[in-house]
Amino acid sequence: MSNSEWLAVRYMLTSTAAFTLMNATAKYLEAFSAYEIIFFRAIGSLFICLSILRQQKINILGNQRGLLLLRSIFGIVAMTFFFKAMKELPLGTVVSLRYMAPIFAAIFAVIFLKDRIRPIQWFYFLMAFAGVAILKGFDTAVSPIGLSYIIASAVFTGLVFVTIQRIGKGD
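As the structure is a prediction and not an experimental result, all values here were calculated from the model.

Colleague: Hey, could you run me through a nonpolar patch on the surface in this one?
Modeller: A surface patch of nonpolar side chains, about 950 Å² in accessible area, is lined by L29, F32, F39, F40, I43, L46, F47, L50, I60 and L61. Inspection of the secondary structure assignment puts I43 in helix α2 (residues 34–56).

Structure follows, in structure tokens:
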């Protein structure tokens, strides 16, 4: 592996560890509501993003403001449902079921972006979903409200992915 590939692997592992730590911490912040957790997470992201945008001399309002606003709304709704689900369900269930987002993204890409999904890709989506089901198992003690929260989170995360694809590299 080249140095740049090792660097990419290190970034992925660091990202995975950071998200795991964040999710585990958020799960046990029972004194805070999902809205408070989202607020403080957003404040941290705001400072990081503003500094990067300033450093790169990029307009903070962007060029496609409508799509950026839509992406923000979808993201807030997805995070709200995600953190609400974390209050209702075990962490492993929440994280596993959120991995349905790419399936919803593919469906929305077909509908809204007129993308074509090849049959082999649908097969891979089915295998990925089966993997989540096998990994998680079929737990009959899952809270229906928690399950609806995490499925809604996956749907809105899929909408985030499609909106980002629509925005493209211009913003």
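There is more to say after this.
Colleague: Mind showing me how you'd approach the nonpolar core here?
Modeller: Most often, soluble globular proteins have nonpolar side chains that are buried together. If you look at the biggest cluster of nonpolar residues, it comprises 15 residues, and the most contacted ones within it are A26, F82, F83, A85, M86, V94 and I150. Those elements that provide at least two residues to this core are α2, α3 (65–88), α4 (91–98) and α7 (144–167). By residue number, the principal contributor to this core is α3, which donates 5 residues. When neighbours within four sequence positions are excluded, F82 is seen to be in contact with N23, V94, R98, I150 and S153. If you look at the next biggest cluster of nonpolar residues, it comprises 7 residues, including F74, F108, A109 and L159.

Colleague: Just checking my understanding: could you explain the side chain of S143 for this structure?
Modeller: Note on placement: S143 falls in the loop between α6 (119–136) and α7. For S143, a relative accessible area of 18% puts it in the buried group. Of note is the side chain of S143, whose polar atom sits 3.1 Å from the backbone nitrogen of G146. Residue contacts for S143: discarding those within four places in its chain leaves E88 and L89.

Colleague: Would you explain the packing of α3 against α4 in this entry?
Modeller: To describe two helices that pack against each other, one gives the angle between their axes and the distance between the axes. Across the interface, α3 lies against α4 with an axial gap of 9 Å and an inter-helix angle of 150°. Taken together, α3 and α4 sit at an angle that is classed as roughly antiparallel. Counting all contacts with α3, which are made through A78, F82, A85 and M86, the residues of α4 involved are L91, V94 and R98. Of the residues assigned to the contact of α3 with α4, the class counts are 6 nonpolar, no polar and 1 charged.

Colleague: I tried to follow unusual backbone geometry on my own but got confused; where do I start?
Modeller: It is generally the case that most residues other than glycine have a negative phi and that most peptide bonds are trans. Even without being glycine, K57 reaches a positive phi, approximately 60°. Following the sequence through the fold, K57 ends up in the loop between α2 and α3. By relative accessible area, which is 75% here, K57 ends up exposed. Although it is not a glycine, K114 sits at a positive phi angle of roughly 60°. Secondary-structure assignment places K114 in the loop between α5 (101–112) and α6. Owing to a relative accessible area of 64%, K114 belongs among the exposed residues under this scheme.

Colleague: How should the environment of K84 be read in this particular structure?
Modeller: Here K84 lies in helix α3. Taking relative accessible area as the criterion, K84 reaches 24% and is therefore assigned partly exposed. Expressed as a C-alpha distance, the spacing of K84 and L97, which sit 13 residues apart in the sequence, is 14 Å. In contact with K84, not counting residues within four places along its chain, are A34, Y35 and Y149.

What counts as what
Residues numbered from 1 in each chain as written. Predicted model: local features only at pLDDT ≥ 70, side-chain atom pairs only at ≥ 80, totals over all residues. Heavy atoms only, no water. Patch = residues over 30% accessible without salt bridge, like charges linked within 9 Å, V, L, I, M, F, W, Y side chains within 5 Å. Areas by Shrake-Rupley, 256 points an atom, 1.4 Å probe, with all protein chains shown as cover. Salt bridge = Lys/Arg side-chain N within 4 Å of Asp/Glu carboxyl O. Helix = DSSP H or I, 4+ residues; strand = E, 2+ residues; numbered from the N terminus. Core = buried A, V, L, I, M, F, W, Y, C linked by side-chain atoms within 4.5 Å. Buried < 20%, exposed > 50% of the residue type's maximum accessible area, 1.4 Å probe, protein only. Contact = heavy atoms within 4.5 Å. Polar contact = N/O pair within 3.5 Å; in protein donor to acceptor, adjacent residues only side chain to side chain. Axes fitted to C-alpha atoms, helices over the stretch in contact; angles between N-to-C directions. Parallel < 35°, antiparallel > 145°, perpendicular 65-115°, else oblique. Nonpolar A, V, L, I, M, F, W, Y, C, P; charged D, E, K, R; others polar.

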